[in-house]
Amino acid sequence: MVTEHLIDVPPLSAKAQAIADQGNWRLSSDRQTGALLRTLAASKPGGRILEIGAGVGVGAGWLLAGMDAAARLTTLELFPGLAKACASVLAADDRAEVVRTDAVDWLTAYAGPPFDLVFVDTTILKFDRRDLVFAHLADGALLIADDLLPQEKWTEEHYPRVERFREEIMNEPGLVPTLVDWASGILIASYRKSEGGGR
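Now for a quick tour of the structure.

Conventions we followed
- Throughout, a residue's number is its position along its own chain's written sequence, starting from 1.
- Per-residue local features of the predicted model are confined to residues with pLDDT of at least 70, and side-chain atom pairs are confined, for both listing and counting, to 80 or more; whole-chain, interface and lining totals are unaffected and use all residues.
- Side-chain figures throughout are based on the complete set of non-hydrogen atoms in the structure, without hydrogens or water.
- Note on pairing: DSSP must find at least two bridges between two strands before they are called paired.
- Only DSSP runs of H or I reaching four residues or more are called helices, and only runs of E reaching two or more are called strands; each is numbered from the N terminus.
- Summary of the burial criterion: residues with accessible area below 20% of their type's maximum are buried, those above 50% are exposed, and those between are partly exposed, where the area comes from a 1.4 Å probe applied to protein chains only.
- Angular values range over 0 to 180 degrees, each being the angle between N-to-C directions of two axes fitted as lines to C-alpha atoms, with helices fitted over their stretch in contact.
- By convention the crossing between two helices is left-handed if the near helix lies anticlockwise of the far one by an angle smaller than a right angle, and right-handed if it lies clockwise.
- In this description, contact between two residues means that some pair of their heavy atoms is separated by no more than 4.5 Å.
- Each residue receives one of three labels: charged for Asp, Glu, Lys and Arg, nonpolar for Ala, Val, Leu, Ile, Met, Phe, Trp, Tyr, Cys and Pro, and polar for the others, Gly being one of them.
- In what follows, salt bridge is the name for a side-chain nitrogen of Lys or Arg lying within 4 Å of a carboxyl oxygen of Asp or Glu.

**Let's talk about the pairing of strand β6 (residues 175-180)**
So, step 1. Summarising the sheet, β6 and strand β7 (residues 186-191) pair through 6 bridges and their orientation is antiparallel. Across the sheet, residue Leu 179 finds its bridge partner in β7, namely Leu 187.

**Examining unusual backbone geometry**
So, step 1. Of note, Asp 147 is a non-glycine position whose phi angle comes to about 60°, a positive value.
So, step 2. By the secondary structure assignment, Asp 147 is in the loop between β5 (137-145) and α8 (158-169).
So, step 3. Accessibility expressed as a relative area gives 13% for Asp 147, which makes it buried.
So, step 4. We note that Ala 183 has phi near 55°; this positive angle belongs to a residue other than glycine.
So, step 5. Positionally, Ala 183 belongs in the loop between β6 and β7.
So, step 6. Exposure remark for Ala 183: the relative accessible area of 27% places this residue in the partly exposed category.

**Here's the deal with the packing of helix α2 (residues 31-42) against helix α3 (residues 58-66)**
So, step 1. Here α2 crosses α3 at 35°, and the two axes come no closer than 7 Å. Note on packing geometry: the crossing formed by α2 with α3 is right-handed. Here Arg 31, Gly 34, Ala 35, Leu 37, Arg 38, Ala 41 and Ala 42 of α2 come into contact with α3, specifically with Gly 59, Trp 62, Leu 63, Ala 65 and Gly 66.
So, step 2. Along the lines of polarity and charge, the residues of the contact of α2 with α3 split into 7 nonpolar, 3 polar and 2 charged.

**Describing the pairing of β7**
So, step 1. Pairing of β5 with β7, which is carried by 4 bridges, proceeds in the antiparallel orientation. From the neighbouring strand, Leu 143 faces β7, where its bridge partner is Ala 189.
So, step 2. The antiparallel pairing of β6 with β7 creates a hairpin that spans 5 residues between the two strands, and Ala 183 there sits at a positive phi of about 55°.

**What about the pattern of salt bridges?**
So, step 1. Summed over the entire model, instances satisfying the criterion amount to 9 salt bridges.
So, step 2. Linking Asp 93 and Arg 95 is a salt bridge whose minimum nitrogen-to-oxygen distance equals 2.7 Å. There is no split in this pair, since Asp 93 and Arg 95 are both buried.
So, step 3. Taken together, the shared-partner salt bridges in this structure form one network comprising Asp 128, Arg 130, Arg 164, Glu 168 and Glu 172.

Here's what the structure looks like:
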């Protein structure tokens, strides 16, 4: 069993978590999820990595800790204050780009190369507009999502949304998914472009 106190926290994630704690921001990835992100990012040498929902940079810090020198991270955040804090935390690492944007608009307009790993940590892109994420996945890309087990912060409306997601994602064309009831509840899926409708 993995216990959080045995997981070493990357300096950037620790810096971001301190900012989150000071501002009472409680939506950052936990240590177990972060450790998994670090490991999965390490599996994509030279990879293009996308985080949707940067917050203050806790998850980005974990991703960067696993990435090699040639990999690049783009992290999207809607709220200006959070994006500013995240950009400040990640400023010392030139592999990271923080974009203050609406992720739906950004993905709709994006015309660059596909991503090798995408961590989705926002509600709309996770539950309602996954098509926009799938459109930008490379063949063999990893798709990761968290917060799929009940938590105190959930509203009553959120429970059926998660249940629907858990059912739908197992039958999503092009995905080879695994739901892991561990940490906050994790989806890990690999994308097969040839089976994903030619996206």
